[in-house]
Amino acid sequence: MSYDPYPSPRDPSPWDPTPWDPPTPPHRNPCPPAPNRDAYAPSHLTYPWQPAPPPPSPPRRAATRAPLGHHSDLRILRSAYRWQRRVATLTALGYFTVFLVLSAYTPSFMTGTVTDGVPTGLLLAVLQVPVTWLAIAMYEGTARRRVDPLADLIRRQAALDAGRKEAR
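A. The nonpolar core, seen in detail. Counting six residues, the largest nonpolar core is built from Leu-77, Ala-80, Val-147, Leu-150, Ala-151 and Ile-154. For this core, the elements supplying multiple residues, two or more each, are helix 1 (73-105) and helix 4 (128-167). Of the residues forming this core, the biggest block, four residues, is contributed by helix 4. The residues contacting Val-147, other than those within four sequence positions of it, are Leu-77, Ala-80, Tyr-81, Gln-84 and Thr-142. Core analysis: the second largest hydrophobic core is formed by five residues, Tyr-95, Phe-99, Met-110 and Val-131 among them.

Here's what the structure looks like:
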């Protein structure tokens, strides 16, 4: 056996692919897809003990309303709750801040008397308790008037959405 350094182009190399087996690109699957087995299933029961096939599921209807997370009710509820917190907090803290500023910058006003022996500072300090009660009453009032109806609406919609998911 001799070695030919210049083989003729007609002589196939043992490492060349055969003409009937072309090389496949690496991104393609050389195996054909498996056939659909249901296409070959008989239309009748082949064995008497074989269970009946399940009935086809009814077609799904498109939702008539967007699900709960896709509308602005939660955003409205958050903004109402944020407004409620701000009003109540600013009422209580605002009065306390005014009391501290008056105590620091106008000591003559705070030591002056309102009635017989009652200084203005003491009266303003005692009024902090009713102002705090007022802030709590405002918080509850805005909750009943603005926040609770929105929360009830969202709860009802969530219950309807949950019922729709169970019905599917």
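Here the narrative resumes, following the displayed structure.
B. Up close: the packing of helix 1 against helix 4. Two elements in contact, helix 1 and helix 4, have axes whose closest approach is 9 Å; the angle formed by their N-to-C orientations is 180 degrees. One finds that helix 1 runs roughly antiparallel with respect to helix 4. For the contact of helix 1 with helix 4, the class distribution of residues is 22 nonpolar, five polar and three charged.

C. Layout of the environment of Arg-146. If you trace the backbone, Arg-146 turns up in helix 4. Looking at Arg-146, the relative accessible area reads 42%, which means it is partly exposed. Sequence-wise, Arg-146 and Leu-77 are 69 residues apart; in three dimensions their C-alpha atoms are separated by 8.5 Å.

Conventions adopted
- Residues numbered from 1 in each chain as written.
- Predicted model: local features only at pLDDT ≥ 70, side-chain atom pairs only at ≥ 80, totals over all residues.
- Heavy atoms only, no water.
- Core = buried A, V, L, I, M, F, W, Y, C linked by side-chain atoms within 4.5 Å.
- Buried < 20%, exposed > 50% of the residue type's maximum accessible area, 1.4 Å probe, protein only.
- Helix = DSSP H or I, 4+ residues; strand = E, 2+ residues; numbered from the N terminus.
- Contact = heavy atoms within 4.5 Å.
- Axes fitted to C-alpha atoms, helices over the stretch in contact; angles between N-to-C directions.
- Parallel < 35°, antiparallel > 145°, perpendicular 65-115°, else oblique.
- Nonpolar A, V, L, I, M, F, W, Y, C, P; charged D, E, K, R; others polar.

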